[in-house]
Structure formats: structure tokens, C-alpha cells
Amino acid sequence: MKKNGRRCHRRILAWIGALALFWGLAAGTFLAPEGSKRVLAAGGTPVSAHGQLSVSGTSLVDQYGQPFQIRGVSTHGLQWFSQYNNKEAYATLRDDWGANCVRLAMYTGENGYCNGNEAFMKDQVTRGVQYATELGMYAIIDWHILSDGNPQTYKVQAISFFSEMAGRYRDYNNVIYEICNEPNNCGWQDIKSYAVEVIGAIRAQDPDAVIIVGTPTWSQLGSQGHLYEPADDPITGYGNLMYAFHFYASEPAHNQWLTEKIGTAIGRGLPVFVSEFGLSEASGDGNVDLGKATEWLNRCDQYQVSYCAWSLSNDWRSSSLIKGGCGKTSGWSTDELTTAGNFIRDWYRNRAGQSGVQDDSVNNPEVKNLAEGITVSYQTHVQSYGWQEPVENGRMAGTSGQSKRLEAIKIQVAGNGNLGIRYRTHVQSYGWQGWASDGNLSGTEQQSKRLEAICIELTGADRDRYDVYYRVHAQSYGWLDWAKNGAEAGTEGLSKRLEGINIVIVPKGADPGVPTGNPFVSLYPGAVNYRTHVQSYGWQGWSCDGGMSGTEGQSKRLEGIELLLRWNIPGGIRYQTHVQTYGWQGWVSDGAMSGTEGQSKRLEGIRICLTGEAEQMYDVYYQVHAQSYGWLDWAKNGEMAGTSGLAKRLEGIRVRLVPKGDPAPGSTARPSIEG
């Protein structure tokens, strides 16, 4: 897909992309391979829907600035398994698996590009990019360092190669460059200096493509389990950079030392991209642990980290996705896939919103211990279709695989006159609505507003005799796990539509036999949530409940801040900042920015307080990391934290809510310093 211009044309591109998607949907132009089941809506492709990707803070975002997740499949070495580098194979991955990206593993060593096989390997890469482009998929060009270890070994060749590729694909909006797959037996300074030169060569041709940088110890974000050299010393001067992390779900050392790597790195402001993962051990062979694979991918999904599965081949190793005895190079049946292949296919299909034409696990889930004599019925208002017929006791209301938003819902119970039900929805643009109950409407009609989340709880004299469980199908995430008794289900702050819902009622304390671990995905998971705009890095991801936002030991100033309370805390939060040369700004509240952006002005002090009922329920404490002084003590309820008259920048901040009158989280002796 061509970029058709640079950043100054993005609004035109977005309009053209939306129009093209509309006409594509109307025409139904893309056909799945024979015998496969479509994941995408007719006429839609990943690139036509999302366009040019970029990096915002720690997130990969699409052309509309919305968080976007690559779910890709990596080829094996193109010198060994080039038969899978074909358009029909990638169409199968797109249409039957729900993948949106192909990673083209061009080995540098191992009889690869830098070992006398340059012409063949380059031809394979250009073929793969062309196939992906024709299918509307993203393509990662992977400079696959392995045995050569230190990327400096073939730096001259890498600069030449990526300069040529960036010149060739500068007007494409679907190409991503991975400039060193798995650096090993070398330090971050070797990798960083190599990366700076290669990035410079790419940027001379293509100023805005996403670039993935390998990290120490086979791309583990640092040279040991507890070290984060790329986060401590990131590459500066360039945008749209991400940093590679690789894991193998059955590798004992990865499960012992690496499970916190993604969250910690993102918390420190590093954009992470899992450009390769496998279900096997790190050798590519050995045990396949589906439980650990689920844990790892849930971890990625929690942070909306993109990932690419290894490998599209029928290699004898257990990480391969196709069985060794299968000679087909596209259109594989489930019997022709390995254990790893079937798991990845199922996982991607679920996340893409397709679980088969008729799948009882979606449309009538196997919930145990339904409450005898109790019926919960519900109907949804669906985009384009209007009100559907009511369904009951766990059947799906809404759609799956059609990209249609839920706009409203009505729920009621029968079978017990002392039992009722109430529910509230989070509506696009409007936020959380008030409670509706017993068959009344929650949401909107004829406003084209999506539902994004829902809470449901029982009412009436017998409410303590039962539990209500519910789950939702959310855009990009597929079926989330089940929520219970008023908890949130869906997403918050991500602009993702609800597409389907199941609801059941069971006797109090009965086990329905359903997963409950991840029913809700939010950018704002804590009681108090905050993010900062940091010098050189821009907006970081959200922190909460005492976690640090900003940096420590990097001499980077805070320039702006936003704060939000959790949706179900009554009241609000307001705050003001002291900005270099401007002094104290006016108070802002509830997610508005205080400070500046793009003006290189440091924050020097901050005041935070609560409003409404929250002020009566909680004390808000906050402490800052100030230049020259380090962490100061905790301020409280509108007191100043930071410095005054000393021209010292704030570098980090922590914020916590404490129940009214409870002890402070630490010393409160010296929250501020005045010159």
C-alpha cells in the first residue's frame, strides 16, 4: 500500500482510506481461499482500515492515532523455506488465521544475505513485501542476525541494504524495518551505535516508517533479567522507534527471568515490539507449553504489545506451525497444522473477531451450574441492523466477525419476583451513563455511538442468592474473559467497540467453569491514573497508584501531566503546575493537560487535590523527583510538591489515593524546597 504523501497529507489519507474501506465493504472485493473462513469483513484489509503506523509514547498507533496491535507470523529463514513466501500462503494467514502482518526473516549468516546469497535473499524480500502489499497486510523486513552476533559485523552491508529498501518502499504505508533480529555476545553500546547509523540511512529515504531495534541478549531488552540498558540509554533524535523483545513460552529461563520485562520496560517509557515469539523452548524445539503461551500472550495483550509467531514452515522442530509431513504451501487444514500452529491460528482468529460460522463456545457457551428456574434475557441494538431479537441464558447477542458496534442494550430477569437486574454502559463520547434496570435501554439509538464497556449487577431482595456473569466481544481483542456482579467488562480509553455479549446467572458461589482473569482492558487501571510528557520521549504510557511516571537518573524534564480517577470513584481530581518562565498555570481537571507540549519548558512544581465526594473519601498524596534533590517527601491535598525559585526540573512523579485519615505512604516532612 502506498503512502501517497508525507505527514502533511495524513488527514487526506485518512479520508481516502475510510472512503476506500466503505466502497470495499460495499463491493466485497476480497475473497478467501477456497475452504477457508473469513476473518475480515468483506472488502476490508488491515492496511486499508489502519493505514500508516507510527509510535506515540510507548504505543504503536494507526493512521487515526488509535492503539494498534500487530498479530503477525514470521517466515523461517528464506534461504531454506522460500516455498512459503507466496501470496496464497499469506492470504491464508490473513483470511483464515486473522493475521495482519508477515515478517520476512532474511538471515545475514547461515548461507544468507552476507554469505554469498545476496541476490536470492533480496529477491525473496521484495517478493514478500509485494505479496503482503497486494493483500493489504503489513510487512516486516527482518535483518536476521543470529550466528554473526554483533550487528557491527555486517554494518556496511546493512546500511547499503536498508538504504536501498527504504528508497524502494518510501511511499508504502505497510513496511516496517527490523534492523537487527537478535544481537548476542555484544553490549548495548555496540548495538546502539550500529542502530544509529542504520536508522540514519533509513531516515534519509523514509522519514516516518516504524523501525524495530534489536536489544541485548537475543533481544531481551537488556543483558540480564534485571537490566534494561535500552531504557536507561535509548536512541534519541529519531521518532517511530520500537525495541525488540523475544520470548519462547516453554523456555525455563524465560519464564524465570523475563516475565516482568515487557511491563517494566513500558513503564520506563520504552516502546516494545515482540517481533518474534515461539511456543517451544528457545532452541525452537522441545516442549510446547500452551498454558505458558497463554500467559505470555495475555501479558502482551494487556499492554497492547504487537507480536509475530515463529515460524511459517514445516521444519521438524516443535516451533514450526505446519506439520513436517504436509507438503502444502497454503490453505492448510487444522489437521495439517502442528500443536503450535493450531494454537496460534485459534488465538489470532479469536482476537480478530472470528471463531467460525457456528461455534457453540461463542453462541451458547458451556457454562456450568445455571440457576434453575431463572432466565436472563437481553437484546442489543446493532449498527446497521437495529434491535435484534432477545436471547437468553448465555447465547450471544450482537455479532462476531462483522465489525458491527453495539449501540444499546436491554436486560431483564424472570422466574423470581424478588430478583431484578441493573446495568450501565460506557458510551463513545459520553462516558459512563447512569444505571438502567429491568428492560430499560442503556446506550443510545440513532446516534451512531458505540458501547465500549458494561457493568451488570443483580437487584431485589434475593440478589444475594445469585451471581451474574457476563463477557463481551471487543474490537481488536475478541472475546474477553467473564466479569461478575458489577465489575467492568470491555475496554476503557481505547476507543474499541463492543460487538457481542453473553450473560448468565448462577446460584451464589457456584462455579460456572469460565475464565475470569481478563474481562476488562483499560488505559486507566488504577484508582488514580496519570501520565507525563517527558523531554525527548513525549507522552509516556499511563501509570497508577504510586507507580512512577517520568524517568529517574536520565536528566529528562517533565513538561506536561494528565491525571484521572477511576470511573467509579465519585468526584474528580484537579491539578496545577508551575512551568518554567510562565509560573503557576490555572487549575485543570479530570484528564486535561497541565504544562506544555512542544515548548521545551520544564515543570518545577505541582499541586493536586480531589473534588466532590472523592475529597471526603480520600486523601491524595504525591511526591516528585526533582533535579539535584532526588525524591522529595509526600505532599497532600493541594500542597506544593517540587521546588520554587531554584530553576530545577521535575523528572518523575508518584501519586496515590489513601482512605481519608489513613497514614501517609511515607514521610511528609519535606515535599517542596524554596529558594
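The structure we're discussing is the one just above.
Residues numbered from 1 in each chain as written. Predicted model: local features only at pLDDT ≥ 70, side-chain atom pairs only at ≥ 80, totals over all residues. Heavy atoms only, no water.

Undergrad: If you had to explain the overall build of the protein to someone new, which residues and values would you point to?
TA: Secondary structure summary: the protein contains 14 helices and 42 strands in total. Its C-alpha atoms give the protein a radius of gyration of 26 Å, near enough to 26 Å, the size a compact globule of 675 residues would have. Residues classed as buried in the protein amount to 59% of the 675 residues present. Residue pairs in contact within the protein that sit at least 24 positions apart in sequence constitute 69% of those at least 6 positions apart. Surface accessibility of the protein: about 25200 Å² in total, with carbon and sulfur atoms responsible for 45%. (Helix = DSSP H or I, 4+ residues; strand = E, 2+ residues; numbered from the N terminus. Rg over C-alpha atoms; globule rule 2.2 N^0.38 Å. Buried < 20%, exposed > 50% of the residue type's maximum accessible area, 1.4 Å probe, protein only. Contact = heavy atoms within 4.5 Å. Areas by Shrake-Rupley, 256 points an atom, 1.4 Å probe, with all protein chains shown as cover.)

Undergrad: Break down helix H12 (residues 339–352) for me, citing the residues and quoting the values.
TA: One turn of an α-helix holds 3.6 residues; hence residues three or four places apart share an orientation. Helix length check: H12, at 14 residues, gives a terminal C-alpha distance of 20 Å against a target of 20 Å (1.5 Å per residue), a fit within 8%. Within the sequence span of H12, burial applies to Ala340, Gly341, Phe343, Ile344, Arg345, Trp347, Tyr348, Arg349, Asn350 and Arg351. (Expected span 1.5 Å × (residues − 1).)

Undergrad: So what's going on with the packing of aromatic side chains? Which residues, and what values?
TA: Evaluated as defined, the whole model comprises 22 aromatic pairs. Both rings, one in Tyr84 and one in Trp332, keep their centres 6.5 Å apart while their planes meet at 45°; by these two values the pair is tilted. Residue Tyr84 is found in the loop between strand E3 (71–75) and helix H3 (87–97), and its partner Trp332 is found in the loop between strand E10 (307–312) and H12; the two are separated by 248 residues along the sequence. Accessibility assignment for this pair places Tyr84 and Trp332 in one class, buried. Taking the centre distance of 5.7 Å and the plane angle of 90° together, the rings of Phe277 and Tyr307 count as edge-to-face. One end of the pair, Phe277, is in strand E9 (residues 272–278); the other, Tyr307, is in strand E10, and 30 residues separate them in sequence. Pair check on accessibility: Phe277 and Tyr307 agree, each one buried. Lys410 extends its terminal NZ or CZ atom over the ring of Trp387, reaching a point 4.5 Å from the ring centre. (Phe/Tyr/Trp six-rings, centres within 6.5 Å; stacked < 30°, edge-to-face > 60°. Lys NZ or Arg CZ within 6 Å of the ring centre and 35° of its normal.)

Undergrad: Give me the lowdown on the pairing of strand E36 (residues 603–611), citing residues and values where you can.
TA: With seven of nine residues buried, E36 is to be regarded as a mostly interior element. Pairing of strand E32 (residues 572–579) with E36, which is carried by eight bridges, proceeds in the antiparallel orientation. By the bridge assignment for E36, His578 is matched with Gly605. Strand direction decides the pairing type here: E36 and strand E40 (residues 641–644), joined by two bridges, are antiparallel. Bridged to Ile606 within E40 is Ala641. (Pairing = 2+ DSSP bridges.)

Undergrad: Break down the packing of helix H4 (residues 118–134) against helix H5 (residues 155–169) for me, citing the residues and quoting the values.
TA: The contact between H4 and H5 brings their axes to 13 Å, and the two run at 25°. In terms of axis orientation, H4 runs roughly parallel to H5. Where H4 crosses over H5, the handedness of that crossing is right-handed. Across the interface between the two elements, Lys122, Val125, Thr126 and Val129 from H4 touch Glu164, Met165, Arg168 and Tyr169 from H5. Grouping the constituent residues of the contact of H4 with H5 by class yields four nonpolar, one polar and three charged. (Axes fitted to C-alpha atoms, helices over the stretch in contact; angles between N-to-C directions. Parallel < 35°, antiparallel > 145°, perpendicular 65-115°, else oblique. Left-handed = near helix turned anticlockwise from the far one by under 90°. Nonpolar A, V, L, I, M, F, W, Y, C, P; charged D, E, K, R; others polar.)

Undergrad: Explain the nonpolar core to me, using residue names and the numbers behind them.
TA: Nonpolar side chains in soluble globular proteins generally cluster together in the buried interior. Trp143, Tyr177 and Ile179 are the most contacted members of the largest nonpolar core, which totals 89 residues. Considering every element that reaches this core, the biggest residue donor is helix H6 (residues 188–205), with seven residues. Not counting residues within four places of it along the chain, the set of residues in contact with Ile179 comprises Trp143, Phe162, Tyr194, Ala195, Val198, Ile199, Ile202, Ile211, Ile212 and Val213. (Core = buried A, V, L, I, M, F, W, Y, C linked by side-chain atoms within 4.5 Å.)

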